[in-house]
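Here's the letter readout for the chains.
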Amino acid sequence: MTSPAFPTTEVESTGKHGSAPAPQLWHRYHLTGDSDAESKLVEGYLPLVRTVIGRVAMTLPNHVCVEDLYSAGLVGLLQAVRSFSPNGGASFETFARFRIRGAVLDELRRL
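Quick summary incoming for the structure in this document.

Cut-off values and rules
- Residues numbered from 1 in each chain as written.
- Predicted model: local features only at pLDDT ≥ 70, side-chain atom pairs only at ≥ 80, totals over all residues.
- Heavy atoms only, no water.
- Helix = DSSP H or I, 4+ residues; strand = E, 2+ residues; numbered from the N terminus.
- Buried < 20%, exposed > 50% of the residue type's maximum accessible area, 1.4 Å probe, protein only.
- Contact = heavy atoms within 4.5 Å.
- Areas by Shrake-Rupley, 256 points an atom, 1.4 Å probe, with all protein chains shown as cover.
- Phe/Tyr/Trp six-rings, centres within 6.5 Å; stacked < 30°, edge-to-face > 60°.
- Arc of directions from axis to C-beta.

All right, on to the overall build of the protein then. On a plain count of helices and strands, the protein comes out with five helices and two strands. If you list the helices and strands of the protein from N to C, you get β-β-α-α-α-α-α. Buried positions account for 34% of the 111 residues belonging to the protein. In the protein, the share of contacts with a sequence separation of at least 24, taken over all contacts with a separation of at least 6, comes to 54%. Surface exposure of the protein reaches about 6900 Å², of which carbon and sulfur atoms provide 55%.

Now the structure itself:
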């Protein structure tokens, strides 16, 4: 059940990574902590995880499992969504790249 204050089209095209969640979705997530909004945000930024993993994987030996890194990247993305504050001055994409890369590097250290 969605509030009438938020439009039903919550995904807008950004060009670079296909589609990213609209600002209304971020607003709804910050106001209510809605798990459905959180899921849509994570889903909207999945291409960002693939991009970060692809760049890190280029420098890794063949025995490293990319699926493990992808799982760690998803954890980093989820942490980024949960801890992002739009008042911080950075865009979410910039913030999330650092969190995803950090989670991937932590996983590599663990391995």
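Resuming the write-up.
A few words now on the packing of aromatic side chains. Pairs of aromatic rings are described using the distance from one ring centre to the other and the angle between the two planes. If you walk through the whole model with that rule in mind, you get six aromatic pairs. On the numbers, 6.3 Å between centres and 50 degrees between planes, the contact of Trp 26 with Tyr 45 is tilted. Separated by 19 residues along the polypeptide, Trp 26 in helix α1 (residues 23-32) and Tyr 45 in the loop between α2 (35-44) and α3 (46-57) bring together distant segments of the chain. Taking the centre distance of 5.6 Å and the plane angle of 50 degrees together, the rings of Phe 84 and Phe 95 count as tilted. Here Phe 84 is found in the loop between α4 (66-83) and α5 (92-110), whereas its partner Phe 95 is found in helix α5, with 11 residues between them in sequence.

On to α1. Regarding α1, the residues found buried are Leu 25, Trp 26, Arg 28 and Tyr 29. Taken around the axis of α1, the buried residues stretch over an arc of 160 degrees, which confines them to a single face. Of the residues in α1, the exposed ones pointing more than 90 degrees away from the buried face are Pro 23 and Leu 31. Following α1 by one or two positions, Gly 33 has its phi on the positive side, about 70 degrees.

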